[in-house]
Protein chains: 2
Amino acid sequence: MDIKGVISLSEQPVIIKQIIGKTLKAIRIKQGLSQEDLAQECDVDRSYISMIEVGRNEPSVTKIFDLCKGLKIKPSDFFKMVEGEYEKTLEQG
Amino acid sequence: MDIKGVISLSEQPVIIKQIIGKTLKAIRIKQGLSQEDLAQECDVDRSYISMIEVGRNEPSVTKIFDLCKGLKIKPSDFFKMVEGEYEKTLEQG
DNA sequence: GTGTGACTGCCAGTCCGTT
DNA sequence: AAACGGACTGGCAGTCACA
């Protein structure tokens, strides 16, 4: 088994949904919004925002696009952040 | 195959899953891979690849990361393509 | 203003047949 | 072979009520 196999095993190495939640929360806080504010902006349940941020639910891509609209950021920027955090987590193991 | 014809008359403005499928297929074809090749690479069912490409299923972000690994591209690049197509579709209305 | 147990409906994902 | 699609099911997305 080579290096590649060690790093990129497919079992359950990095939990993406937790990274998504962490990223979402960071952006929301930075913008001075409450979960409730964001929920209304995106027309979703407030507790749903909570679940995402805590890493209990993984939102679909469609939902992420909605959330990004509420946050007034580009989805591609959001995913870039997620990817960065993902790679960082992989390195740390 | 054009996205426009696929959009239903429901309130959904743009169907992200259709764009994801279109994007995935374009990349796969460009790399000269069959659905089966990619399925094996990502350890998923072959017909699942088909469903995504046809726009019947919307894969989770986690699955998209898996698929990108199989395609050897960066997820952020994938999402950038999706976003580009999304905005293009919005303009056309 | 935020987290969470409990619940339900729906859809992601698979199996298998068809082309 | 290579792709599509009908039919099925388990699990999770998403909601509500409360803490």
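Residues numbered from 1 in each chain as written. Chains lettered and ligands numbered in written order. Predicted model: local features only at pLDDT ≥ 70, side-chain atom pairs only at ≥ 80, totals over all residues. Heavy atoms only, no water.

Under an unreviewed UniProt entry, the name given to chain A is Helix-turn-helix transcriptional regulator, and the organism recorded is Cohnella nanjingensis.

Things to note about the state of the cysteines
Residue and element names in this part refer to chain A. Applying the stated criterion to the full structure yields zero disulfides over all chains. Cys68 forms no disulfide, and the closest cysteine sulfur to it belongs to Cys42, at a distance of 8.8 Å. Residue classification places Cys68 among the buried positions, given a relative accessible area of 1%. (Disulfide = S-S within 2.5 Å. Buried < 20%, exposed > 50% of the residue type's maximum accessible area, 1.4 Å probe, protein only.)

Brief notes about the UniProt feature "domain: HTH cro/C1-type" (unreviewed entry) in chain A
Residues annotated by UniProt as "domain: HTH cro/C1-type" (unreviewed entry) correspond here to residues 24-78 of chain A. With 71% helix and 0% strand, residues 24-78 of chain A has its two end C-alpha atoms placed 8 Å apart. (UniProt positions renumbered as here; feature names shortened; annotations may be inferred. Helix = DSSP H or I, 4+ residues; strand = E, 2+ residues; numbered from the N terminus.)

Notes on the environment of A:Gln18
All names here are of chain A. Examined against the element boundaries, Gln18 turns out to sit in helix α2 (residues 16-30). Given the relative accessible area of 47%, Gln18 is considered partly exposed. When the C-alpha atoms of Gln18 and Glu58 are compared, they prove to be 8.0 Å apart, with 40 residues separating the residues in sequence.

Quick look at the confidence of the model for chain A
Residue and element names in this part refer to chain A. When the pLDDT values of chain A are averaged, the result is 86; 85% of them are 70 or greater. For chain A, helix α1 (residues 3-7) is the element with the lowest average pLDDT, namely 29, and α2 is the one with the highest, namely 97. Within the model, the stretch residues 1-12 combines pLDDT values under 50 with five contacts to residues more than four positions away or in other chains. (pLDDT = per-residue confidence, 0-100. Contact = heavy atoms within 4.5 Å.)

A look at the protein's contact with DNA strand D
Every one of the 18 residues lining DNA strand D counts as a neighbour, but A:Asp45, A:Tyr48, A:Asn57, B:Gln35 and B:Arg56 are closest to it. Counted by atom, the contact set of DNA strand D within 4 Å of the protein is 65% sugar and phosphate. Contact between DNA strand D and A:Ser47: a base nitrogen at 3.5 Å from a side-chain N or O atom of the residue. Per element, the largest residue contribution to the surface near DNA strand D is four residues, and it comes from helix α3 (residues 46-54) of chain B. Broken down by class, the residue content of the surface near DNA strand D amounts to three nonpolar, six polar and nine charged. (Near = heavy atom within 4 Å. Polar contact = N/O pair within 3.5 Å; in protein donor to acceptor, adjacent residues only side chain to side chain. Nonpolar A, V, L, I, M, F, W, Y, C, P; charged D, E, K, R; others polar.)

Concerning the protein's contact with DNA strand C
Neighbouring DNA strand C are 19 residues, the closest being A:Gln35, A:Arg46, A:Arg56, B:Ser47 and B:Tyr48. Sugar plus phosphate, as a fraction of atoms of DNA strand C within 4 Å of the protein: 59%. Measuring from a phosphate oxygen of DNA strand C, one finds a side-chain N or O atom of A:Gln35 at 2.5 Å. Here a base nitrogen of DNA strand C sits 3.3 Å away from a polar atom, N or O, in the side chain of A:Arg56. Of all the secondary structure elements, the ones that give two or more residues to the surface near DNA strand C are α2, α3 (35-42) and α4 (46-54) of chain A together with α3 of chain B. Element by element, the count of residues in the surface near DNA strand C is highest for α4(A), at four residues.

Quick notes on the interface of chain A and chain B
Note on interface size: it is often stated as the accessible area lost on association of the parts. At the junction of the two partners, chain A supplies 20 residues and chain B supplies 18 residues. Summed over both sides, the interface of chain A with chain B buries roughly 1700 Å², with 63% coming from carbon and sulfur. Of all residues in chain A, A:Val61, A:Phe65 and A:Glu83 bury the most surface against chain B, accounting for 32% of the area lost on that side. For the pair chain A and chain B, the interface holds two salt bridges. Residue A:Glu83 is joined to B:Lys74 by a salt bridge in which the shortest nitrogen-to-oxygen separation is 3.8 Å. Joining chain A to chain B, the criterion identifies six residue pairs in polar contact (both at pLDDT 80 or more). Elements with a contribution of two residues or more to the side of chain A that touches chain B: α2, α5 (61-71) and α6 (75-92) of chain A. In terms of residue count, the dominant contributor to the side of chain A that touches chain B is α6(A) (seven residues). (Buried area = accessible area lost by both parts, 1.4 Å probe. Salt bridge = Lys/Arg side-chain N within 4 Å of Asp/Glu carboxyl O.)

Topic: the environment of A:Leu90
Positionally, A:Leu90 belongs in helix α6. With 76 residues separating them in the primary sequence, A:Leu90 and A:Val14 have C-alpha atoms 7.0 Å apart.

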